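# Chain and residue survey
The lines below spell out each chain.
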Amino acid sequence: MKPTDKTVRGVVALATIAALALGSGAARAEDKSLTLCWAAWDPANALVELSKDFTAKTGVKMKFEFVPWTSYADRFLNELNSHSKLCDLIIGDSQWIGGSAENGHYVKLNDFFDKNGIKMSDFVDATVVGYSEWPKNTPNYWALPAMADAVGWTYRKDWFAMPDVRKDFKAKYGRDLAPPKDWDEFLQVAKFFQGRQIAGKKVYGAYIFTERGSEGITMGVTNVMYDYGFEYDNPKKPYEMNGFVNSAGAVKGLEIYKQIFDCCTAPGMTNAYMSEGLDAFKSGQVAMQMNWFAFFPGLYKAMGPDKIGFFVNPAGPSGHYSQLGGQGISVVSYSDHKDDALNYIKWFAQPSVQQKWWEIGGYSALKAVVEAPGFPKSAPFAPDFLVTMGIVKDFWAEPNYASLLLDMQKRIHNYVVAGQGTAQLALDGLVKDWTKDFKDAGK
Amino acid sequence: MNASVDTPETTAVRVTSGAARRIRLRGLSDRSIAWLFITPTIALLLAINIFPLIWTIQMSFTNYKANMGWLRIKNVGIANYSDILGDPDLWAGMQTTAHFVFWSILLEVVLGFALALLVNHKFRGHSFWTTVILLPMMLSPAVVGNFWTFLYQPQVGLFNYLVNFFSGIPPSSFQMIGDVQLAPWTIVLVDTWMWTPYVMLICLAGLRSIPDSIYEAAEVDRASAWRTFWSVTLPMVMPFLMLAVLFRAIENFKMFDMVNLLTNGGPGSLTETVSITLKRAAFEKWHTGWSSALAIILFVAVFGAANIYIKVLNKVRQR
């Protein structure tokens, strides 16, 4: 039977439809992808590299949505609050955990961890509490510790080694110039370098966080205040803040931070955070720099072993602490690709992947990596990082953390940078603000 | 076969119905046609202006938090309003805003008018210089905020070096953005730099609208240049000037982007204008009910002031 034109046209049309359908099916399989949201910084670039292994292994393409730190919280909390499907995986800040758990933004991971043999006891304790648990200190996990981080310090090793500088310091303070171990020593070193001429250039004592808009000054000042006795609330009676937030020690700590700002920082550093600190340090403006450990691999690479040294946050009369940074990785509950996202977490939790993560510029929180005998020698900042992760404290992680943070930003900046009122008034005001915030939140 | 064939009868029926439709359309009253044209606009206005306004008013009486949608929304009466009006920090923000609006507009009007008088005369390179003067207002406020941050940088910024050049004060001995006394002036200065050309343009339009015959009459009356300025130029340009003031005042009252990028409200809260307070309360603290009340208060203040001002403006125009 000779096919008619009509029959031929019909067959061609059917074949085309079938080909398109098959093609799109194949394309769908090939185009399987996940979007991971995080901040735009050095470790994010390392994660892009690391994730290539995941794509090679699973065929799932990785897309990344990285935004600058200054708009990181605004942007991604808006995405989560609007139940957006943009992010399948999110590396969210430690303070978001309460809100994201209670608002249902993150998938609870307990069952998934049990099913896949992922044990939280394999990760550094502080990171589990800080990045994964809500409520805190309960076995309810909403994230896998992804990027361990805390505040640390860098110093100009080459300046500290200059014979004339060392001689001057010894003559003035009767001890050898060395990275400071407590805040008294810190003030001595910072004052010593402030305004000094080094290689014909005027330099300054220290760089500290002073940023007003997001979290900067709070993430800076707490490093001193913790050491002087600042507590968020009564350890025996949650949310009782009077006498803890504004204790005599806390007031003293705040005064020390202002003293450092007034005596020993470079002009114009009134609204400065991470990148300003890196620039000031790299350009040879300051002798000591406060910043997150996350930046230290890149900084070390850029400056070389002769110019940069590292030290742990100095201790105070009431203890030795450091501000926790870092983030956990979570699966967004509005994602259409939750299974693939969980697979990514399963892959990321593997010791070999975690080892590579540390090697290429990320900070693993896996004990198998950081407690390995070779870890302290694996990078010049590794020993200080290990010590620091044992002394960290974090800001509130309550669902209303943003209000609490903004109130602290305002009170601290008003006192430290604008010089309004006293430290006592600032912290009394903070207790008032926080009490109202918790009352509004029904606590 | 079921093909339809036009018969004289069916054709006649179609023609009749088409004509009837045309007649019906033609028969629409002017009022109906007016409604037909303005209905889409009204619908859009209702959807994007009136509805959000009503919704905001409704939210302003609640404790609603947009990031905690599961919480039961409680009616709090006028608590948000009384909280705002009794908040000393907010009044400080209002003062900051008033300082910024008053001084920036004063400087923009004086300088803009002076520049308009200058540009109104023909001189060599007139077009080139006019374009140069207009450049700042063509930039995005975000860009302006960012690059003035660099210009104000005490160690490497051009501004401090200029001050040093003219006054001999060492550049790194003072700072603009971080200084409690100077920070409020930094935003005034940048806004003046950016928006003076806009005021100039409006004044220029006013100057060009004055008929030559009036100046000729003044000349015949032997009026001095000073007298001509006070009796002819200024009164004739006044409605335009007042319009410029209205536009700039509304704009500066809600100024956000430039201030946010330049000072971020700091040092402390010294340059925190109400728009920055509103943004922080609404989208960072997520106090949606409270910030709705603040938005309504600001809306009423601006709307009321603008209405009074427009009435005065109309009186000036009628004179």
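The model shown is predicted, which means the values in this text are computed figures rather than measured ones.

Thresholds applied
Residues numbered from 1 in each chain as written. Chains lettered and ligands numbered in written order. Predicted model: local features only at pLDDT ≥ 70, side-chain atom pairs only at ≥ 80, totals over all residues. Heavy atoms only, no water. Pairing = 2+ DSSP bridges. Helix = DSSP H or I, 4+ residues; strand = E, 2+ residues; numbered from the N terminus. Axes fitted to C-alpha atoms, helices over the stretch in contact; angles between N-to-C directions. pLDDT = per-residue confidence, 0-100. Contact = heavy atoms within 4.5 Å. Buried area = accessible area lost by both parts, 1.4 Å probe. Salt bridge = Lys/Arg side-chain N within 4 Å of Asp/Glu carboxyl O. Polar contact = N/O pair within 3.5 Å; in protein donor to acceptor, adjacent residues only side chain to side chain. Buried < 20%, exposed > 50% of the residue type's maximum accessible area, 1.4 Å probe, protein only. Domains from an automatic or database assignment. 1 Å grid on protein atoms, 1.4 Å probe; cavity = no way out; pocket = protein on both sides within 12 Å on 5 of 7 lines; lining within 4 Å. Points joined across faces, edges and corners; volume = space filled by probe spheres on them. Nonpolar A, V, L, I, M, F, W, Y, C, P; charged D, E, K, R; others polar. Core = buried A, V, L, I, M, F, W, Y, C linked by side-chain atoms within 4.5 Å.

### Considering the sheet that holds strand β5 (residues 151–156) of chain A
Residue and element names in this part refer to chain A. Pairing in this open sheet of four strands is mixed, and the strands run β8-β9-β5-β10 from one edge to the other. Of all the strands in the sheet, the pair left with one neighbour each is β8 (204–207) and β10 (308–311). Here the strands of the sheet are splayed against their neighbours by 20 degrees on average, with no regard to which way each runs.

### Regarding the confidence of the model for chain B
Low-pLDDT portions of the prediction should not be read for the details of their coordinates. Residue and element names in this part refer to chain B. Of all residues in chain B, 92% have pLDDT values of 70 or greater, and the mean over the chain is 89. Here helix α1 (residues 8–26) stands out as the element of chain B with the lowest mean pLDDT, 55, in contrast to helix α8 (residues 183–208), whose mean of 96 is the highest. Predicted confidence for residues 1–5 stays below pLDDT 50, and this span has one contact to residues more than four positions away or in other chains. Across the whole predicted complex the pTM is 0.85, and at the interface the ipTM reaches 0.78.

### Some details on the interface of chain A and chain B
It is common to give the size of an interface as the accessible area lost on bringing the parts into contact. Facing 29 residues of chain A, the contacting portion of chain B comprises 27 residues. Both sides together, the interface formed by chain A and chain B hides about 2300 Å², and carbon and sulfur atoms give 45% of it. Among the residues chain A hides against chain B, the three largest losses belong to Arg212(A), Pro267(A) and Leu406(A). Together they make up 20% of the total. For the interface between chain A and chain B, the tally reads five salt bridges. With a shortest N-O distance of 2.8 Å, Asp407(A) and Lys285(B) are connected by a salt bridge. Summed over the shared surface of chain A and chain B, the result is twelve residue pairs in polar contact (both at pLDDT 80 or more). If you list the elements that add at least two residues to the side of chain A that touches chain B, you get α3 (69–81), α18 (401–416) and α19 (423–440) of chain A. The element best represented in the side of chain A that touches chain B is α18(A), accounting for seven residues.

### Let's talk about unusual backbone geometry
The residue after Trp134(A), namely Pro135(A), is reached through a cis peptide bond having omega -10 degrees. On the secondary structure map, Pro135(A) appears in the loop between α6 (125–132) and β4 (144–147). Here Gly266(B) and Pro267(B) are connected by a cis peptide whose omega angle stands at 0 degrees. Its place among the elements puts Pro267(B) in the loop between α11 (257–262) and α12 (274–283). At Arg222(B), a position not held by glycine, the phi torsion is positive, near 60 degrees. Exposure remark for Arg222(B): the relative accessible area of 76% places this residue in the exposed category.

### Observations concerning the pattern of salt bridges
Summed over the entire model, instances satisfying the criterion amount to 27 salt bridges over all chains. Between Glu79(A) and Arg75(A) there is a salt bridge, with its nearest N and O atoms 3.1 Å apart. Remark: Arg75(A) and Glu79(A) occur in helix α3; sequence separation between them is four residues, near one turn of the helix. Here Glu251(B) and Lys254(B) are joined by a salt bridge, their closest N and O atoms 3.6 Å apart. For Glu251(B), a relative accessible area of 35% gives the class partly exposed. Salt bridges sharing common partners tie together Glu65(A), Arg75(A) and Glu79(A).

### Regarding the domain arrangement of chain B
All names here are of chain B. You can read the domains of chain B as domain 1 (2–59) and domain 2 (80–317). Inter-centroid distance (C-alpha atoms) of domain 1 to domain 2 is 47 Å. With both sides pooled, the region where domain 1 packs onto domain 2 buries about 410 Å², and carbon together with sulfur makes up 77% of that total. The three residues of domain 1 that bury the most area against domain 2 are Leu53, Thr56 and Met59, which together make up 83% of that side's buried surface. Our count for the contact surface shared by domain 1 and domain 2 stands at zero salt bridges.

### Some remarks on empty space enclosed by the protein
Enumeration over the complete set of coordinates arrives at four cavities of 30 Å³ or more. For the largest cavity, the calculated volume is near 170 Å³. Around the largest cavity sit 19 residues that line it, and Leu77(A), Pro399(A), Tyr401(A), Asn67(B) and Trp286(B) are the ones nearest its centre. Where the lining of the largest cavity is concerned, the elements lending two or more residues are α3, α4 (97–102) and α18 of chain A. With three residues, the top contributor of residues to the lining of the largest cavity is α18(A). Partitioned by chemical class, the residues of the lining of the largest cavity number seven nonpolar, nine polar and three charged. In this structure, the second largest cavity spans a volume of roughly 90 Å³. Grouping the constituent residues of the lining of the second largest cavity by class yields seven nonpolar, five polar and three charged.

### What to know about the sheet that holds β4(A)
Residue and element names in this part refer to chain A. Overall, mixed pairing links the five strands, which are arranged β2-β1-β3-β12-β4 in an open sheet. Looking at which strands have only one partner, the edges of the open sheet turn out to be β2 (61–67) and β4. Averaged over all adjacent pairs, the angle separating strand axes in this sheet is 30 degrees, with direction ignored. Bridging between strand β3 (residues 89–93) and strand β12 (residues 327–331) involves five bridges; their strand directions are antiparallel.

### Some remarks on the nonpolar core
Among soluble globular proteins, nonpolar side chains are generally buried collectively. Judged by nonpolar contacts, the single largest core of 155 residues is most densely connected at Trp38(A), Met288(A), Tyr344(A), Phe348(A) and Trp434(A). Contact partners of Trp434(A), with chain neighbours within four places excluded, come to Phe230(A), Tyr232(A), Met241(A), Val245(A), Phe395(A), Trp396(A), Leu404(A), Asp407(A) and Met408(A). Residues Val109(B), Leu207(B), Leu234(B) and Leu241(B) belong to the second largest nonpolar core, which totals 21 residues.

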